[in-house]
Amino acid sequence: MGVHMGVLNDKAAIVTGAGRGIGKGHALTLGAAGAAVVVNDVDIDEAAAVVKEIDRAGGRAVASSADIATREGAKQLVAQCVAEFGSIDIDVNNAGISRDRSFLKMTDDEFTDVWRVHVMGTFWCAQESAIHMRDSGRGGSIVNTVSAAQMGNFGQTNYAAAKGAIASMTFTWALELARYGIRVNAVSPAATTRLSQTFKGPDGKPVDMPFLDPALNGPMVVFLSSDGGNYITGQVFGTGADRVALMEHPKYGATMRKEGGWSLEDLQAEFKPNLGDKLEPIGIQKKPYPFYDGIHAPEKD
Ligand SMILES: NC(=O)c1ccc[n+]([C@@H]2O[C@H](COP(=O)([O-])OP(=O)(O)OC[C@H]3O[C@@H](n4cnc5c(N)ncnc54)[C@H](O)[C@@H]3O)[C@@H](O)[C@H]2O)c1
């Protein structure tokens, strides 16, 4: 798999949603690097097939069908890893679903289904893992999964919100868990998968993408989880195909200040010349800000 054998030899990992797609690639790459892997997926047949593949390549793996969108599932998954392999050193939170719909039509179920798998699933698996990592005194590596959709994307209120939340949890956990030797990073992957088939452009039509091998996201997960990556935490990396990109954290940009604070009159006079021509691009495409001429209700005919 192109990864140096053995950098994870004494480590045990769980990968959620590892029956297919990007998670499968992570599991195979972790296995090839020497980690013992719990291959988790609600589709147990897919998970079992990945376990076989790791076995055949000379690695160690077991399957888990736990539903990580429940506290109980997350608890079981982590307990299984500890029972089978004696520890949990690496937690890769990758499982995901999408339920795309334009904002004004999105239902509560579409929102909460996505929220539970991505946000609650990541929260539950990471917390169960981190408690073991702290108590064992071994530390560990947590790798979450975000997406460029968190920058804002048509039809993805639920998914964008979930990925933004995961990024913010990643930063927060990195701050809180360093004292226990636990690093927390995220990947923002790219790959051709069942999920990517549902990606649509702003026109609502499927986007034309070249084939991207899901397994090419795996080596960065191994690197982050290896001792060589032990100084990296609180970072998000765009991975997939030929790239590894640092994702910039949200931060305050252009700023105007006035002693004593800003009155409405001050803002009316000074916003436009100071900040009003510097508005940020919105959404994945990062096109220049398009609304300088105003945003108007459609004309009635
Ligand atoms: N494909 C891309 O280009 C892309 C881009 C950005 C982010 N991502 C993210 O990468 C991750 C993997 O996506 P993928 O493209 O490989 O999708 P995928 O559909 O191929 O794989 C996701 C897997 O997660 C499993 N899963 C879903 N809910 C689960 C649950 N509750 N418990 C256990 N397993 C569950 C599914 O059964 C499936 O096998 C997701 O978090 C996704 O949001 C993918």
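Shown above is the structure to which this text applies.
Conventions adopted
- Residues numbered from 1 in each chain as written.
- Predicted model: local features only at pLDDT ≥ 70, side-chain atom pairs only at ≥ 80, totals over all residues.
- Core = buried A, V, L, I, M, F, W, Y, C linked by C-beta atoms within 7 Å.
- Buried ≥ 20, exposed ≤ 12 C-beta atoms within 10 Å, placed from the backbone.
- Contact = placed C-beta atoms within 7 Å.
- Near = placed C-beta within 6 Å.
- Helix = DSSP H or I, 4+ residues; strand = E, 2+ residues; numbered from the N terminus.
- Nonpolar A, V, L, I, M, F, W, Y, C, P; charged D, E, K, R; others polar.
- Right-handed = clockwise from strand over helix to strand, strands pointing away.
- Pairing = 2+ DSSP bridges.
- Axes fitted to C-alpha atoms, helices over the stretch in contact; angles between N-to-C directions.
- Parallel < 35°, antiparallel > 145°, perpendicular 65-115°, else oblique.
- Left-handed = near helix turned anticlockwise from the far one by under 90°.

**Some remarks on the nonpolar core**
One finds L30, V37 and V39 to be the most contacted residues of the largest nonpolar core, which totals 66 residues. When sequence neighbours within four positions are dropped, the list of residues in contact with V39 reads V15, A18, A27, A47, V50, V51, A61, A63 and S64.

**Quick look at the site of the ligand**
Near the ligand you find 31 residues, and of these G17, G21, G96, T193 and L195 are the closest. Of all the secondary-structure elements, those providing two or more residues to the shell around the ligand are helix 1 (21–32) and helix 4 (108–136). In terms of residue count, the dominant contributor to the shell around the ligand is helix 1 (three residues). Per-class residue counts for the shell around the ligand are twelve nonpolar, 13 polar and six charged.

**Notes on the pairing of strand 1 (residues 12–15)**
Within a regular beta strand, the side chains point alternately toward one face of the sheet and then the other, so they alternate between its two faces. Here strand 1 shows a buried face lined by A12 and I14 and a second buried face lined by A13 and V15. Taking the sense of rotation as the criterion, the β-α-β connection linking strand 1, helix 1 and strand 2 (residues 36–40) turns out right-handed. Sheet analysis places strand 1 next to strand 4 (residues 90–92), joined by three bridges and oriented parallel. Bridging across to strand 4, V15 finds its partner in V92.

**Some points on the packing of helix 1 against helix 2 (residues 44–56)**
Look at helix 1 against helix 2: their axes get within 10 Å of each other, and the N-to-C directions meet at 25°. In terms of orientation, helix 1 and helix 2 fall into the roughly parallel class. As for the relative orientation of helix 1 and helix 2, their crossing is right-handed in sense. Contacts between helix 1 and helix 2 involve K24, A27, L28 and G31 from the first element and V50, E53 and I54 from the second. Of the residues that constitute the contact of helix 1 with helix 2, the class distribution is four nonpolar, one polar and two charged.

**Some details on the sheet that holds strand 3 (residues 60–64)**
Spatially, eight strands are ordered 3-2-1-4-5-6-7-8 in an open sheet, and the strand pairing comes out mixed. The sheet terminates laterally at strand 3 and strand 8 (243–246), the two strands that pair on one side only. Between one strand and the next, the sheet's axes are offset by a mean angle of 20°, whatever the strand orientation. Relative to strand 3, strand 2 runs parallel, the two being bridged by five bridges. Bridge pairing in strand 3 links V37 to A61. Each of strand 1, strand 2, strand 3 and strand 4 touches helix 1; the most contacted strand, strand 1, lies at about 170° to it. The strands touched by helix 5 (residues 157–177) are strand 5 (140–145), strand 6 (182–188) and strand 7 (236–240); relative to strand 6, the strand with the most contacts, the crossing angle is about 160°.

**Here we look at the pairing of strand 7**
Of all five residues in strand 7, four are buried; the element is thus mostly enclosed. Two elements, strand 6 and strand 7, share three bridges in a ladder whose sense is parallel. Paired with S188 across the two strands is G238, which belongs to strand 7. Regarding the hand of the β-α-β motif, the stretch spanning strand 6, helix 6 (residues 218–225) and strand 7 is left-handed.

**A few points about the environment of K300**
Relative to the elements of secondary structure, K300 occurs in the segment after helix 7 (264–276). It is 53 Å that separates the C-alpha atoms of K300 and N40, two residues lying 260 residues apart in sequence.

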